[in-house]
Amino acid sequence: PSLLYEAICKGPEAWKDLQEQRGGLVRPGIMFDGEGITGRFRDLRNDDCRACDLLIVMGTKLTSPFNVVVGRVPRLCPRVLI
């Protein structure tokens, strides 16, 4: 397995250590289970939901706050849950 995969499996401390060793971001803009949402998500979710014409949610769990977003987009907005 790759160094990144091993670090992700070990948890946030391990991938943060790898990030410091490599001098930059070692993961895409994703959230791991148990991590808090970003302020940007909190600040923009209502406006983004109102403007949404297609909602795609990807992940292994549909947990809060993403489970609420599914119901906040316009009624006729298609939803794809992967």
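Treat the numbers as computed from the prediction; the structure is a model and nothing was measured.

**Student:** I tried to follow the overall build of the protein chain on my own but got confused; where do I start?
**Tutor:** The helix and strand tally for the protein chain stands at 4 helices and 2 strands. Reading the protein chain from its N terminus to its C terminus gives the helix and strand order α-α-α-β-α-β. Relative to its 82 residues, the protein chain shows a buried fraction of 20%. For the protein chain, the accessible surface area stands at approximately 6400 Å², while carbon and sulfur atoms represent 55% of it.

**Student:** When you look at the nonpolar core in this model, what are you seeing that I'm missing?
**Tutor:** Nonpolar side chains tend to gather and get buried jointly when the protein is soluble and globular. With 8 residues, the main nonpolar core is built from Cys49, Cys52, Leu55, Val57, Val69, Val70, Val73 and Cys77. Those elements that provide at least two residues to this core are strand S1 (55–57) and helix H4 (66–72). With residues near it in sequence (within four places) discarded, Cys52 still touches Val73, Pro74 and Cys77.

**Student:** Explain the confidence of the model for the protein chain to me, please; I cannot follow it from the model alone.
**Tutor:** Interpreting fine coordinate detail is not advised for predicted regions of low pLDDT. Looking at the protein chain as a whole, its pLDDT mean stands at 80, while 84% of the residues score no less than 70. Looking over the protein chain, one finds the lowest element-wise mean pLDDT in helix H1 (residues 3–10), namely 81, and the highest in strand S2 (residues 79–81), namely 89.

**Student:** Explain the packing of H1 against helix H2 (residues 12–22) here, please?
**Tutor:** Packed helices, taken two at a time, are described by their axes: the angle between them and the distance between them. With their axes 7 Å apart at the nearest point, H1 and H2 run at an angle of 145° to one another. When H1 is examined against H2, the residues Leu3, Leu4, Ala7, Ile8 and Lys10 are found in contact with a partner set consisting of Ala14, Trp15, Leu18 and Arg22.

**Student:** What is the right way to read the state of the cysteines from this model?
**Tutor:** By definition, a disulfide links the sulfur atoms of two cysteines through a covalent bond. Under the criterion given, the structure shown has 0 disulfides. Here Cys77 stays free of any disulfide, with the sulfur of Cys52 as its closest cysteine sulfur at 3.7 Å. According to the relative accessible area criterion, Cys77 is buried, its value standing at 5%.

About the criteria used
Residues numbered from 1 in each chain as written. Predicted model: local features only at pLDDT ≥ 70, side-chain atom pairs only at ≥ 80, totals over all residues. Heavy atoms only, no water. Helix = DSSP H or I, 4+ residues; strand = E, 2+ residues; numbered from the N terminus. Buried < 20%, exposed > 50% of the residue type's maximum accessible area, 1.4 Å probe, protein only. Areas by Shrake-Rupley, 256 points an atom, 1.4 Å probe, with all protein chains shown as cover. Core = buried A, V, L, I, M, F, W, Y, C linked by side-chain atoms within 4.5 Å. Contact = heavy atoms within 4.5 Å. pLDDT = per-residue confidence, 0-100. Axes fitted to C-alpha atoms, helices over the stretch in contact; angles between N-to-C directions. Disulfide = S-S within 2.5 Å.

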